[in-house]
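Understanding the architecture of this molecule
For reference, the chains in residue letters:
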Number of protein chains: 2
Amino acid sequence: MDTRTIEIKNVHETDGDLYVLETDNDIPFSIQRIFYIQNVPANKKRGGHASKTSDFVYICLRGKVKVCIDNGIRQQFFLLEKANHALYLPKETWMEFYEFSEDALLLTLASEKYEENDYFNNYEEFVREKQ
Amino acid sequence: MDTRTIEIKNVHETDGDLYVLETDNDIPFSIQRIFYIQNVPANKKRGGHASKTSDFVYICLRGKVKVCIDNGIRQQFFLLEKANHALYLPKETWMEFYEFSEDALLLTLASEKYEENDYFNNYEEFVREKQ
(Lines give C-alpha, C1' and ligand atoms only; values in the text may rest on other atoms or scores of the structure.)
Protein backbone atom coordinates (compact mmCIF):
# COMPACT_ATOMS: atom_id res chain seq x y z
CA MET A 1 0.00 0.00 0.00
CA ASP A 2 1.27 3.48 -0.86
CA THR A 3 1.70 6.64 1.15
CA ARG A 4 -1.67 8.35 1.41
CA THR A 5 -3.64 10.80 3.50
CA ILE A 6 -6.45 9.59 5.73
CA GLU A 7 -9.48 11.71 6.63
CA ILE A 8 -10.15 11.23 10.34
CA LYS A 9 -13.79 10.93 11.43
CA ASN A 10 -14.70 13.89 13.60
CA VAL A 11 -17.74 15.07 15.51
CA HIS A 12 -18.21 18.68 16.60
CA GLU A 13 -20.73 19.20 19.37
CA THR A 14 -21.37 21.81 22.03
CA ASP A 15 -19.36 19.66 24.44
CA GLY A 16 -16.22 19.63 22.27
CA ASP A 17 -14.55 18.20 19.19
CA LEU A 18 -13.97 14.45 18.93
CA TYR A 19 -11.66 12.65 16.46
CA VAL A 20 -11.61 8.85 16.10
CA LEU A 21 -9.43 6.28 14.33
CA GLU A 22 -9.93 2.53 14.44
CA THR A 23 -7.60 -0.21 13.25
CA ASP A 24 -8.69 -2.00 10.06
CA ASN A 25 -11.38 0.62 9.33
CA ASP A 26 -9.17 3.73 9.29
CA ILE A 27 -5.66 2.42 9.93
CA PRO A 28 -4.45 -0.68 8.08
CA PHE A 29 -2.66 -2.12 11.12
CA SER A 30 -2.96 -2.83 14.82
CA ILE A 31 -1.08 -0.19 16.83
CA GLN A 32 1.88 -1.58 18.77
CA ARG A 33 3.52 1.71 19.66
CA ILE A 34 2.64 5.38 19.84
CA PHE A 35 4.90 8.35 20.31
CA TYR A 36 4.51 12.10 20.24
CA ILE A 37 6.94 14.96 19.79
CA GLN A 38 6.73 18.59 20.81
CA ASN A 39 8.98 21.62 21.38
CA VAL A 40 11.00 20.96 18.22
CA PRO A 41 12.95 24.13 17.31
CA ALA A 42 12.09 25.55 13.85
CA ASN A 43 15.62 24.87 12.57
CA LYS A 44 15.67 21.21 13.66
CA LYS A 45 14.60 18.10 11.76
CA ARG A 46 13.22 14.79 13.04
CA GLY A 47 13.19 11.40 11.37
CA GLY A 48 15.81 11.09 8.69
CA HIS A 49 15.47 7.32 8.51
CA ALA A 50 13.25 4.50 7.22
CA SER A 51 11.87 1.51 9.10
CA LYS A 52 12.35 -1.91 7.52
CA THR A 53 9.21 -3.39 9.08
CA SER A 54 6.92 -0.72 10.55
CA ASP A 55 4.08 1.17 8.92
CA PHE A 56 3.26 4.56 10.42
CA VAL A 57 0.38 6.98 10.73
CA TYR A 58 1.22 10.61 11.52
CA ILE A 59 -1.19 13.24 12.82
CA CYS A 60 -0.25 16.82 13.64
CA LEU A 61 -2.67 17.40 16.53
CA ARG A 62 -1.71 21.03 16.96
CA GLY A 63 0.40 23.52 15.01
CA LYS A 64 2.01 22.39 11.76
CA VAL A 65 4.98 20.56 10.31
CA LYS A 66 6.27 19.65 6.87
CA VAL A 67 7.47 16.20 5.87
CA CYS A 68 9.46 14.84 2.95
CA ILE A 69 8.67 11.23 2.02
CA ASP A 70 10.95 9.15 -0.17
CA ASN A 71 10.42 5.57 -1.36
CA GLY A 72 13.83 5.39 -3.06
CA ILE A 73 12.36 6.30 -6.44
CA ARG A 74 10.47 9.54 -5.89
CA GLN A 75 9.91 12.18 -3.24
CA GLN A 76 6.62 13.60 -1.98
CA PHE A 77 6.06 16.61 0.27
CA PHE A 78 3.20 17.09 2.71
CA LEU A 79 2.14 19.80 5.10
CA LEU A 80 0.47 18.40 8.23
CA GLU A 81 -1.60 21.01 10.00
CA LYS A 82 -5.05 19.60 10.73
CA ALA A 83 -6.22 17.40 13.59
CA ASN A 84 -8.53 15.56 11.15
CA HIS A 85 -5.85 14.60 8.64
CA ALA A 86 -3.47 11.69 9.02
CA LEU A 87 -0.63 10.57 6.79
CA TYR A 88 -0.15 6.84 6.25
CA LEU A 89 3.37 5.62 5.43
CA PRO A 90 4.22 2.03 4.54
CA LYS A 91 7.39 0.39 5.78
CA GLU A 92 10.62 1.02 3.85
CA THR A 93 9.80 4.69 3.31
CA TRP A 94 12.34 7.37 4.16
CA MET A 95 10.83 10.31 6.03
CA GLU A 96 12.11 13.62 7.33
CA PHE A 97 10.05 16.17 9.27
CA TYR A 98 11.07 19.84 9.21
CA GLU A 99 9.84 23.38 9.84
CA PHE A 100 7.91 22.50 12.98
CA SER A 101 5.82 25.42 14.19
CA GLU A 102 6.54 26.41 17.79
CA ASP A 103 3.29 24.85 19.02
CA ALA A 104 3.48 21.69 16.87
CA LEU A 105 2.44 18.41 18.49
CA LEU A 106 3.06 15.44 16.21
CA LEU A 107 1.48 12.08 17.09
CA THR A 108 2.78 8.86 15.51
CA LEU A 109 1.08 5.46 15.47
CA ALA A 110 3.32 2.51 14.58
CA SER A 111 2.51 -1.05 13.54
CA GLU A 112 5.64 -2.46 15.25
CA LYS A 113 7.56 -2.05 18.45
CA TYR A 114 10.89 -0.27 18.41
CA GLU A 115 14.02 -2.18 17.36
CA GLU A 116 17.20 -0.21 16.83
CA ASN A 117 18.35 -2.53 14.02
CA ASP A 118 15.04 -2.07 12.22
CA TYR A 119 16.06 1.31 10.76
CA PHE A 120 17.94 2.42 7.70
CA ASN A 121 19.86 5.46 8.95
CA ASN A 122 22.00 5.90 5.86
CA TYR A 123 20.14 7.31 2.85
CA GLU A 124 22.48 5.89 0.18
CA GLU A 125 22.21 2.42 1.70
CA PHE A 126 18.42 2.78 1.77
CA VAL A 127 18.24 3.77 -1.92
CA ARG A 128 20.58 0.94 -2.91
CA GLU A 129 18.39 -1.55 -1.03
CA LYS A 130 15.22 -0.29 -2.69
CA GLN A 131 16.50 -0.44 -6.25
CA MET B 1 -5.84 -5.07 36.87
CA ASP B 2 -6.77 -1.89 38.70
CA THR B 3 -6.86 1.74 37.68
CA ARG B 4 -3.33 3.11 37.87
CA THR B 5 -1.10 5.86 36.55
CA ILE B 6 1.62 5.06 34.02
CA GLU B 7 4.85 7.04 33.74
CA ILE B 8 5.53 7.58 30.04
CA LYS B 9 9.13 7.23 28.87
CA ASN B 10 10.35 10.59 27.61
CA VAL B 11 13.53 11.95 26.05
CA HIS B 12 14.37 15.66 26.05
CA GLU B 13 16.98 16.69 23.50
CA THR B 14 17.92 19.87 21.69
CA ASP B 15 15.74 18.69 18.78
CA GLY B 16 12.58 18.37 20.90
CA ASP B 17 10.73 16.30 23.49
CA LEU B 18 9.78 12.71 22.66
CA TYR B 19 7.28 10.52 24.55
CA VAL B 20 6.84 6.79 23.80
CA LEU B 21 4.38 4.06 24.80
CA GLU B 22 4.50 0.46 23.61
CA THR B 23 1.92 -2.24 24.02
CA ASP B 24 2.76 -4.96 26.55
CA ASN B 25 5.68 -2.95 27.95
CA ASP B 26 3.79 0.21 28.91
CA ILE B 27 0.19 -0.51 27.98
CA PRO B 28 -1.35 -3.88 28.88
CA PHE B 29 -3.24 -4.21 25.57
CA SER B 30 -2.95 -3.87 21.83
CA ILE B 31 -4.52 -0.58 20.68
CA GLN B 32 -7.58 -1.06 18.46
CA ARG B 33 -8.89 2.51 18.59
CA ILE B 34 -7.62 5.96 19.44
CA PHE B 35 -9.57 9.16 19.88
CA TYR B 36 -8.82 12.67 21.00
CA ILE B 37 -10.96 15.50 22.28
CA GLN B 38 -10.38 19.23 22.34
CA ASN B 39 -12.31 22.50 22.69
CA VAL B 40 -14.44 21.18 25.56
CA PRO B 41 -16.07 24.14 27.37
CA ALA B 42 -15.11 24.41 31.07
CA ASN B 43 -18.71 23.76 32.17
CA LYS B 44 -19.12 20.58 30.08
CA LYS B 45 -18.37 16.97 30.97
CA ARG B 46 -17.32 14.03 28.81
CA GLY B 47 -17.65 10.33 29.41
CA GLY B 48 -20.35 9.53 31.95
CA HIS B 49 -20.36 5.84 31.02
CA ALA B 50 -18.46 2.57 31.39
CA SER B 51 -17.35 0.12 28.74
CA LYS B 52 -18.19 -3.54 29.28
CA THR B 53 -15.19 -4.82 27.32
CA SER B 54 -12.64 -2.07 26.63
CA ASP B 55 -9.65 -1.03 28.71
CA PHE B 56 -8.47 2.55 28.23
CA VAL B 57 -5.36 4.66 28.59
CA TYR B 58 -5.82 8.44 28.88
CA ILE B 59 -3.15 11.08 28.34
CA CYS B 60 -3.72 14.81 28.60
CA LEU B 61 -1.20 15.95 25.97
CA ARG B 62 -1.80 19.62 26.61
CA GLY B 63 -3.68 21.66 29.23
CA LYS B 64 -5.45 19.81 32.03
CA VAL B 65 -8.60 17.95 32.94
CA LYS B 66 -10.01 16.20 35.99
CA VAL B 67 -11.57 12.75 35.98
CA CYS B 68 -13.73 10.83 38.42
CA ILE B 69 -13.31 7.04 38.26
CA ASP B 70 -15.83 4.66 39.80
CA ASN B 71 -15.67 0.86 39.91
CA GLY B 72 -19.10 0.54 41.52
CA ILE B 73 -17.62 0.31 45.01
CA ARG B 74 -15.41 3.35 45.39
CA GLN B 75 -14.54 6.57 43.60
CA GLN B 76 -11.11 7.97 42.74
CA PHE B 77 -10.23 11.42 41.44
CA PHE B 78 -7.29 12.28 39.20
CA LEU B 79 -5.93 15.45 37.67
CA LEU B 80 -4.37 14.83 34.25
CA GLU B 81 -2.01 17.63 33.28
CA LYS B 82 1.29 16.16 32.12
CA ALA B 83 2.29 14.76 28.73
CA ASN B 84 4.36 12.10 30.52
CA HIS B 85 1.55 10.73 32.68
CA ALA B 86 -1.09 8.29 31.53
CA LEU B 87 -4.05 6.86 33.38
CA TYR B 88 -4.92 3.20 32.84
CA LEU B 89 -8.55 2.16 33.32
CA PRO B 90 -9.76 -1.44 33.15
CA LYS B 91 -13.08 -2.35 31.54
CA GLU B 92 -16.24 -1.97 33.62
CA THR B 93 -15.07 1.29 35.17
CA TRP B 94 -17.32 4.33 35.16
CA MET B 95 -15.50 7.52 34.19
CA GLU B 96 -16.42 11.18 33.92
CA PHE B 97 -14.09 13.95 32.75
CA TYR B 98 -14.75 17.53 33.87
CA GLU B 99 -13.16 20.97 34.26
CA PHE B 100 -11.29 20.84 30.97
CA SER B 101 -8.90 23.76 30.61
CA GLU B 102 -9.47 25.81 27.47
CA ASP B 103 -6.37 24.35 25.80
CA ALA B 104 -6.91 20.74 26.96
CA LEU B 105 -6.16 17.97 24.45
CA LEU B 106 -7.11 14.55 25.79
CA LEU B 107 -5.85 11.45 23.96
CA THR B 108 -7.49 8.07 24.59
CA LEU B 109 -6.14 4.63 23.62
CA ALA B 110 -8.67 1.79 23.67
CA SER B 111 -8.23 -1.98 23.62
CA GLU B 112 -11.46 -2.53 21.65
CA LYS B 113 -13.29 -1.04 18.71
CA TYR B 114 -16.43 0.98 19.31
CA GLU B 115 -19.72 -0.83 19.83
CA GLU B 116 -22.71 1.21 20.92
CA ASN B 117 -24.12 -1.70 22.97
CA ASP B 118 -20.82 -2.09 24.78
CA TYR B 119 -21.51 0.81 27.15
CA PHE B 120 -23.33 1.19 30.43
CA ASN B 121 -24.92 4.62 30.13
CA ASN B 122 -27.04 4.38 33.26
CA TYR B 123 -25.10 4.69 36.51
CA GLU B 124 -27.61 2.81 38.68
CA GLU B 125 -27.66 -0.10 36.26
CA PHE B 126 -23.85 -0.12 36.24
CA VAL B 127 -23.62 -0.24 40.05
CA ARG B 128 -26.25 -3.00 40.22
CA GLU B 129 -24.31 -5.04 37.70
CA LYS B 130 -21.03 -4.65 39.58
CA GLN B 131 -22.38 -5.67 42.98
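Residues numbered from 1 in each chain as written. Chains lettered and ligands numbered in written order. Predicted model: local features only at pLDDT ≥ 70, side-chain atom pairs only at ≥ 80, totals over all residues. Heavy atoms only, no water.

Mapped onto the fold, Gly63(B) is located in the loop between strand 6 (56–62) and strand 7 (65–70). Spatially, the C-alpha atom of Gly63(B) lies 7.8 Å from that of Phe100(B), the residues being 37 residues apart in sequence. (Helix = DSSP H or I, 4+ residues; strand = E, 2+ residues; numbered from the N terminus.)

All names here are of chain A. Of note in the backbone geometry, Asn39 takes a positive phi value of approximately 55° without being a glycine. Mapped onto the elements of the fold, Asn39 is located in the loop between strand 4 (33–38) and strand 5 (46–51). Here Asn39 falls in the partly exposed class, since its relative accessible area comes to 47%. (Buried < 20%, exposed > 50% of the residue type's maximum accessible area, 1.4 Å probe, protein only.)

The next subject is the sheet that holds strand 7 (residues 65–70) of chain A. Residue and element names in this part refer to chain A. One open sheet accounts for five strands, arranged 8-7-10-5-12; its pairing is antiparallel. Only two strands of the sheet have a single partner each, and these edge strands are strand 8 (75–80) and strand 12 (119–120). Taken together, the three bridges between strand 5 and strand 10 (residues 94–98) define a ladder with antiparallel strand orientation. Each residue of the ladder has a partner; that of Gly47, found in strand 10, is Glu96. (Pairing = 2+ DSSP bridges.)

Here the focus is the packing of aromatic side chains. Scanning the model with the defined rule gives 16 aromatic pairs over all chains in all. Over the aromatic face of Tyr88(A) sits the side chain of Arg4(A), whose NZ or CZ is 5.1 Å from the ring centroid. (Phe/Tyr/Trp six-rings, centres within 6.5 Å; stacked < 30°, edge-to-face > 60°. Lys NZ or Arg CZ within 6 Å of the ring centre and 35° of its normal.)

Mapped onto the secondary structure, Arg33(B) falls in strand 4 (residues 33–38). Despite being buried, Arg33(B) has no salt bridge partner; Glu22(A) is the closest side chain of opposite charge, sitting 4.1 Å away. A polar side-chain atom of Arg33(B) sits 3.2 Å from the main-chain carbonyl oxygen of Glu112(B). Once residues within four sequence positions are removed from consideration, Arg33(B) is found in contact with Val20(A), Leu21(A), Glu22(A), Phe56(B), Thr108(B), Leu109(B), Ala110(B), Glu112(B), Lys113(B), Tyr114(B) and Tyr119(B). (Lys, Arg positive; Asp, Glu negative; His and termini not counted. Salt bridge = Lys/Arg side-chain N within 4 Å of Asp/Glu carboxyl O. Polar contact = N/O pair within 3.5 Å; in protein donor to acceptor, adjacent residues only side chain to side chain. Contact = heavy atoms within 4.5 Å.)

The interface is formed by 36 residues belonging to chain B together with 36 residues belonging to chain A. In total, about 3,300 Å² of surface goes out of reach between chain B and chain A, with carbon and sulfur atoms giving 50% of it. Broken down residue by residue, the surface that chain B buries against chain A is led by Asp15(B), Ile34(B) and Tyr36(B), which jointly contribute 21%. If you look at where chain B meets chain A, you find four salt bridges. Measuring nitrogen to oxygen at the nearest pair gives 3.1 Å for the salt bridge that ties Asp15(B) to Arg46(A). For the pair chain B and chain A, the interface holds 23 residue pairs in polar contact (both at pLDDT 80 or more). (Buried area = accessible area lost by both parts, 1.4 Å probe.)

Okay, the relation of the copies chain B and chain A next. Least-squares fitting of chain B to chain A yields an RMSD of 0.0 Å, with the transformation described by 0.0 Å of translation along the axis and a rotation of 180°. The two molecules are tied by a two-fold rotation axis, judged by turn and shift. Considering only C-alpha atoms, the residue of chain B closest to the rotation axis is Ile31(B), which sits at 2.6 Å. Of all interface residues in chain B, 100% are interface residues in chain A too; the two copies therefore contact each other through one and the same surface. (Least-squares fit on C-alpha atoms with pLDDT ≥ 70 in both.)

Moving on to the pattern of salt bridges. For the structure on display, the rule yields eleven salt bridges over all chains. Lys130(A) serves as the salt-bridge partner of Glu92(A), at 3.7 Å between the closest nitrogen and oxygen. Residue Glu92(A) is found in the loop between strand 9 (85–89) and strand 10, and its partner Lys130(A) is found in helix 1 (residues 123–130); the two are separated by 38 residues along the sequence. When the shortest N-O distance is used, the salt bridge between Lys66(B) and Glu99(B) registers 2.8 Å. You can see Lys66(B) sitting in strand 7 and its partner Glu99(B) sitting in the loop between strand 10 (94–98) and strand 11 (105–110), a full 33 residues away along the chain.

Formed by 36 residues in total, the largest nonpolar core has its most connected members in Ile34(A), Tyr36(A), Ile59(A), Ile34(B), Tyr36(B) and Ile59(B). Ignoring any residue separated from it by four or fewer positions in sequence, one finds Tyr36(A) in contact with Leu105(A), Leu106(A), Leu107(A), Ile8(B), Asp17(B), Leu18(B), Tyr19(B), Leu21(B), Ile59(B), Leu61(B) and Ala83(B). (Core = buried A, V, L, I, M, F, W, Y, C linked by side-chain atoms within 4.5 Å.)

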